[in-house]
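As a plain string of letters, each chain reads:
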Amino acid sequence: GAGVSQSPSNKVTEKGKDVELRCDPISGHTALYWYRQSLGQGLEFLIYFQGNSAPDKSGLPSDRFSAERTGGSVSTLTIQRTQQEDSAVYLCASSRGTGPYPLHFGNGTRLTVT
Amino acid sequence: DQQVKQNSPSLSVQEGRISILNCDYTNSMFDYFLWYKKYPAEGPTFLISISSIKDKNEDGRFTVFLNKSAKHLSLHIVPSQPGDSAVYFCAASEGGGNTPLVFGKGTRLSVIA
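I will try to describe carefully the structure that is included in this document. Note that the structure is predicted; figures quoted are calculated from it, not measured.

All names here are of chain A. Across the sheet, which stays open at both edges, the four strands sit in the order S1-S3-S8-S7 with antiparallel pairing between neighbours. Across the chains shown, the open sheet's two edge strands, defined by having one partner strand only, are strand S1 (5–7) and strand S7 (65–69). The average angle at which neighbouring strand axes cross in this sheet is 15°, direction not considered. Examined bridge by bridge, S1 and strand S3 (residues 19–24) share three bridges and lie antiparallel to one another. Across the sheet, residue Gln6 finds its bridge partner in S3, namely Cys23.

Structure (structure tokens):
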């Protein structure tokens, strides 16, 4: 069956430009999560959605980061005025809901800011 | 302040032997724990989970043990296979999974044939 799909798989951008990352969750999954993994680090929580609402935005590193989810499905993570420290793999995951359900991850978007 | 710690960055084990990956946590409110496996250029894949009402959960070659008093969990892989070579992440959540998972930094397992 179809898993979580992320696009693009790789993105190279110049410092100061805006980027938009996309996530298509597993059909029927109501919860959607964004994490990022910097080199040599664990997975850092950014934001999650239950339906179209974002109950917890506590992990967003700065106001340059924003995310939205429409129709309870596709989500986009936008980074404005990118900085070199934003370089990381951005991972999206979905689950059946909040609760004791495992997260299913996409393969990530590798973002490189030059 | 790391709430989930995997203190061994790497582990090498011979094929057929047992692999034991360890994880410690500091937040006593965590009550749902998971292990994920990650291959290069892929997203993490869910392996096995355990809730705090249990101290052991088994799925095929994979067993997770939870010691709540020590705030410690471990993943046992028996027998280890070369295809198990990957980075393993421990993760934890509060409220029965109602809060976002907090991940450790991972342990790279190498299974040598």
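That was the structure; now back to the text.
Apart from glycine, the bulk of residues carry a negative phi angle, and the bulk of peptide bonds sit in the trans form. Residue Pro8(A) is reached from Ser7(A) by a cis peptide bond, and omega for that bond is -10°. When you line up the elements, Pro8(A) lands in the loop between S1 and strand S2 (10–13). In this structure, Arg81(A) is a non-glycine residue whose phi angle is positive, near 45°. Here Arg81(A) shows up in the loop between strand S8 (75–79) and strand S9 (88–95). Unlike most non-glycine residues, Lys71(B) shows phi in positive territory, near 55°. By the secondary structure assignment, Lys71(B) is in the loop between strand S7 (62–67) and strand S8 (72–77).

What counts as what
- Residues numbered from 1 in each chain as written.
- Chains lettered and ligands numbered in written order.
- Predicted model: local features only at pLDDT ≥ 70, side-chain atom pairs only at ≥ 80, totals over all residues.
- Heavy atoms only, no water.
- Pairing = 2+ DSSP bridges.
- Helix = DSSP H or I, 4+ residues; strand = E, 2+ residues; numbered from the N terminus.
- Axes fitted to C-alpha atoms, helices over the stretch in contact; angles between N-to-C directions.

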